[in-house]
Amino acid sequence: MPRSPLPPPPPPPHFRTWQNRAALLADRYCALEELRRHRLGVHRILLLWLLALTAIIGWALLMVPLEQFEEHDPLGFVLAPLFALLGLAALAPPVVAVVLAVRRDREVRRLLDAWLALDSHPGTDARLRSPGLSLGWLLSSLGVCAAGLWAAFGTAAGAEPGRTAYADVALGMGAGTILWLTGLLGAANAVRHYRWALRALGATPVPEHR
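A brief report on the enclosed structure follows. Given the structure is predicted, the values throughout are model-derived calculations rather than measurements. Chains are numbered independently. Their residues run from 1 in the order of the written sequence. Per-residue local features of the predicted model are confined to residues with pLDDT of at least 70, and side-chain atom pairs are confined, for both listing and counting, to 80 or more; whole-chain, interface and lining totals are unaffected and use all residues. The basis for the side-chain values is all heavy atoms of the structure; hydrogens and waters are excluded.

Focus: the overall build of the protein chain
Then step 1. The number of helices and strands found in the protein chain is six helices and zero strands.
Then step 2. In the protein chain, the succession of α and β elements from N to C terminus is α-α-α-α-α-α.
Then step 3. Between the two quantities, the radius of gyration covers C-alpha atoms and the globule rule is 2.2 Å times the number of residues to the power 0.38. The globule rule puts the C-alpha radius of gyration for 210 residues at 17 Å, and the 23 Å found for the protein chain is more than 25% above it.
Then step 4. Seen through its principal axes, the protein chain has C-alpha atoms that stretch 75 × 30 × 20 Å.
Then step 5. For every residue, the accessible area (1.4 Å probe, protein chains only) is compared with the maximum for its type, and the residue is labelled buried under 20%, exposed over 50%, or partly exposed between those bounds. Looking at the protein chain as a whole, 34% of its 210 residues qualify as buried.
Then step 6. Should any heavy atoms of two residues lie within 4.5 Å, those residues are considered in contact. Intrachain contacts of the protein chain at a sequence separation of at least 6 include 85% that bridge at least 24 residues.
Then step 7. For the accessible areas, the method is Shrake-Rupley and the probe is 1.4 Å, while residue cover comes only from the protein chains on display. When the accessible area of the protein chain is evaluated, it comes to approximately 12400 Å², of which 71% is carbon and sulfur surface.
Then step 8. Of the side-chain charges in the protein chain, 20 are positive and 15 negative, and the distance between the mean point of each set is 14 Å. By the criteria applied, helices consist of DSSP H or I runs no shorter than four residues and strands consist of E runs no shorter than two, each listed in order from the N terminus. A positive count includes Lys and Arg, and a negative count includes Asp and Glu. His and the chain ends are not counted in either. To locate a charge, the coordinates of NZ of Lys, CZ of Arg, CG of Asp or CD of Glu are taken.

In C-alpha cells, the structure reads:
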C-alpha cells in the first residue's frame, strides 16, 4: 500500500512568493495539520497494531515446525521448510515497516520545525500539541506493553518441565515480546511528541517573514 506523501518543506527565502502574511499562514496551517496527522493520527497506531498482529502470526508459523518435531510428526520434516518460509514472510514486512516509520518520523519532525520557523500563529501552534491524541497513544501503548509482559512472563511462569511443550512456551514468550515492543514504540512516539512540543512550542517562535 503506497504511503501518502509528506508536505514539501517551505521554499527558501529568495523563492517565497506569498502575496501577504495571510497566504503564508494558510499554507503553513495546511502543512502543519498534515504533518500532525502523519505523526499522531489514529490510523498510525492502528497500523502499528496491525503490524504487531502480522508479526505474531509470523512467529506462530515459525513455531509450527518446532511443535511438529516435539510431537515426532513425520510430516514435520516435509512441512517445516514451508512453515519457516511463511513465518519469515510474515515477520519481515512488519520489521521493515517499523524501520521505515522511524526514518519517516525524523523527516516529519524536521518539516515541522521548518514550517514552524516561518511565522507564529497561536491558534495553529496550539493544535500541534494534541494533548488528547498524545495521551491516547500513551495510555493505549502502556496497555499493550502490560499485555505483552503478562503474556511473556505468564507463559514462562506457568510452564511445567516435562508437561509443557517448548513450542508453546516459545510461542507465548515471543508473542508477548512482540506486544511489549509494539507498546514501547507507541509510548516512545507519544513521549517524543510531548518533548518536542515543550521544546518547539514552549516559547513563541521568532517570525522570519513579514
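Let's talk about helix α5 (residues 131-158)
Then step 1. With 28 residues, α5 extends 40 Å between its outermost C-alpha atoms, agreeing within 8% with the 40 Å of an ideal straight helix rising 1.5 Å per residue.
Then step 2. Turning to α5, its buried residues are S134, W137, S141, V144, C145, G148, A151 and A152.
Then step 3. Turning to α5, the residues buried within the fold contact α1 (21-40), α2 (42-70), α4 (122-129) and α6 (166-201). Expected helix span is taken as 1.5 Å per residue step, with the number of steps being one fewer than the number of residues.

Here we look at the pattern of salt bridges
Then step 1. We count a salt bridge whenever a side-chain nitrogen from Lys or Arg sits within 4 Å of a carboxyl oxygen from Asp or Glu. A full pass over the atoms with the stated rule returns nine salt bridges.
Then step 2. Linking R36 and E33 is a salt bridge whose minimum nitrogen-to-oxygen distance equals 3.1 Å. A residue pair is termed a helical-turn pair when its members lie 3 or 4 positions apart in one helix, as R36 and E33 do in helix α1 at three residues. In this pair, the class of R36 matches that of E33, namely buried.

Honestly, it's all geometry; don't read function into it.
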